[in-house]
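# Commentary on secondary and tertiary structure
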Amino acid sequence: MYDMSNLKLQKIDISAAVINGCIADMLNNAGREGTCPAEEGLTSIREESKLNQDTGYSTQFDIINSAYQLFSTNGLQKVDIARRLALIDLFYTTNLNRFAEFGLAELTERIWNLCVDSMGNHTDSELVKKVEDFVKECSLNPNTAYQNPIYQNLFSPTAKFGITDVKEENGSAVPQKHGAESLISKYFFFLLENHHTPENVLGFPIFDRIAYELQGPLLKKLNMASRRQKDMVCYVRNMTSILDCLVNSPDPNSRIWKMPTIVCNTQFGLLDYFLWRIGKSGKFSFSLLWSKAEKIAHYPAASRLADKNQPSTATDFYSLPQRFQDWHIIYISI
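Rules used throughout
- Residues numbered from 1 in each chain as written.
- Predicted model: local features only at pLDDT ≥ 70, side-chain atom pairs only at ≥ 80, totals over all residues.
- Heavy atoms only, no water.
- Helix = DSSP H or I, 4+ residues; strand = E, 2+ residues; numbered from the N terminus.
- Buried < 20%, exposed > 50% of the residue type's maximum accessible area, 1.4 Å probe, protein only.
- Contact = heavy atoms within 4.5 Å.
- Phe/Tyr/Trp six-rings, centres within 6.5 Å; stacked < 30°, edge-to-face > 60°.
- Lys NZ or Arg CZ within 6 Å of the ring centre and 35° of its normal.
- Core = buried A, V, L, I, M, F, W, Y, C linked by side-chain atoms within 4.5 Å.
- Pairing = 2+ DSSP bridges.
- Polar contact = N/O pair within 3.5 Å; in protein donor to acceptor, adjacent residues only side chain to side chain.
- Salt bridge = Lys/Arg side-chain N within 4 Å of Asp/Glu carboxyl O.

### Brief notes about the overall build of the protein
If you tally the helices and strands in the protein, you get 16 helices and two strands. The buried share of the protein, taken over its 334 residues, is 53%. Considering only contacts within the protein whose residues lie at least 6 apart along the sequence, 64% involve residues at least 24 apart.

### Notes on the packing of aromatic side chains
Scanning the model with the defined rule gives 22 aromatic pairs in all. Seen in terms of ring centroids, Y68 and F190 are 6.1 Å apart; in terms of plane orientation they differ by 20°. Their pairing is stacked. Of this pair, Y68 sits in helix α3 (residues 56-71) while F190 sits in helix α10 (residues 181-195); the two residues are 122 residues apart in sequence, bridging distant segments of the chain. Looking at Y68, the relative accessible area reads 0%, which means it is buried. On the basis of relative accessibility, which here comes to 0%, the residue F190 falls in the buried class. When the centroid spacing of 6.4 Å and the interplanar angle of 55° are considered together, the rings of W290 and Y299 count as tilted. A relative accessible area of 8% means that W290 is categorised as buried. Chaining the aromatic ring pairs together yields one cluster made of F61, Y68, Y92, F134, F155, Y187, F188, F189, F190 and F204. We note R277 situated over the ring of Y273; from NZ or CZ to the ring centre the distance is 4.0 Å.

### A closer look at unusual backbone geometry
One non-glycine residue with positive phi stands out, namely T93, at about 45°. For T93, the location among the structural elements is in the loop between α4 (78-91) and α5 (96-99). Accessibility expressed as a relative area gives 54% for T93, which makes it exposed.

### Things to note about the nonpolar core
With 93 residues, the main nonpolar core has L107, L127, F134, F155, F188 and F204 as its most contacted residues. Looking at this core element by element, the count peaks at nine residues for helix α12 (residues 232-247). Other than its neighbours up to four places away in sequence, F134 contacts A145, N148, I150, Y151, F155, F204, M232 and V233.

### Overview of the pairing of strand β2 (residues 172-178)
Note on strand geometry: in a regular strand, side chains alternate between the two faces of the sheet. Of the pairings in the sheet, the one linking strand β1 (residues 161-169) to β2 comprises six bridges and is antiparallel in character. In the strand pairing of β2, V166 is matched with P175. If you look at the hairpin formed by β1 and β2, you'll find two residues sitting between the two strands, and N170 has a positive phi there, around 55°.

### Here's the deal with the environment of T123
As for its placement among the helices and strands, T123 is situated in the loop between α6 (103-114) and α7 (124-140). Classification of T123 by relative accessible area gives partly exposed; the value is 23%. Separated by eleven residues in sequence, T123 and W112 have C-alpha atoms that sit 8.9 Å apart. In this structure T123 touches L76, C115 and D117, once residues within four positions along its chain are discounted. Of note is the side chain of T123, whose polar atom sits 3.2 Å from the side chain of S125.

### Looking at the environment of N113
Position of N113 among the secondary structure elements: in helix α6. We classify N113 as partly exposed; its relative accessible area is 43%. Between the C-alpha atoms of N113 and L127, which are 14 residues apart in sequence, the distance is 9.6 Å.

### Thoughts on the pattern of salt bridges
Enumeration over the complete set of coordinates arrives at ten salt bridges. Linking E213 and R209 is a salt bridge whose minimum nitrogen-to-oxygen distance equals 3.8 Å. Here the residue E213 and the residue R209 both occupy positions in helix α11 (residues 209-221), the gap between them amounting to four residues, near one helical turn. Through salt bridges with shared partners, a single network forms among R209, E213 and K283.

### Some words on the environment of E126
The topology assignment puts E126 in helix α7. According to the relative accessible area criterion, E126 is buried, its value standing at 19%. Counting along the chain gives eleven residues from E126 to C115, while the straight-line C-alpha distance between them is 5.5 Å. When residues no more than four places from it in sequence are discounted, the contact partners of E126 are L114, C115, V116 and D117.

This is the structure in structure tokens:
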């Protein structure tokens, strides 16, 4: 790994306006409506249009999205939920099926029970309403959110699934279970990407290591309080606070949050679009972000930069596609 301090990379002052500008630049270079450049020196995030077409990320995103569009057209069935969960678990390697036998079946049943409406019908729209209400409660009344059925059944400390191991305690066999916060958050993310109510474009934030690690520093840069407990209520509340700051920023680029894009349909979708690229590029992990040709060309240099046990040089960094260099600068600035 190269000592990046030797590069003397010029950090930028992170603010709501700069973040909005960076996202606007990403969208602009992906063929979207023209927007202002992010920041002088960071206007070369260029290959995004090819990124959206040729990468593993775009492929898996489209496949999962199609599952929500296809399976909900003729009424929701329990197998529809299972298929969606299996696809997400596979493509995002959340590993519930790998590490917790019976986990997917138990989680499917739990979500199925939350989809039932007052007439006894199981629908996507019923779950959408409950998830959107939960997101609102996390910000407006967090104490109530902890009592919400979504939290109690899926995100609470006791909401575990499957069997990872069986231990003997006081002469009895006790199954060890597995949490599924990341998998469930992605299920809700895609559900609201495809079926959110017209008046609610917020969506649901993906919960993963990258976003969780970035939210604290980002809140600090935006001069906002951070609630760092690792539970879903605090996480959703934090991410909603970040969105509020960006959406309500007076800079011209704040309009990106108010217009639809072909990248995503919700505001949390657009925020994840930004955070995931920055987080992965910050650690020189470009899997799913680069095209096949880019991986063949740049994998050796990226591997040397990411591995502490491998020597690398400044040439390795500057040989990367320009957008990866720019995203890394944003990462170290946060």
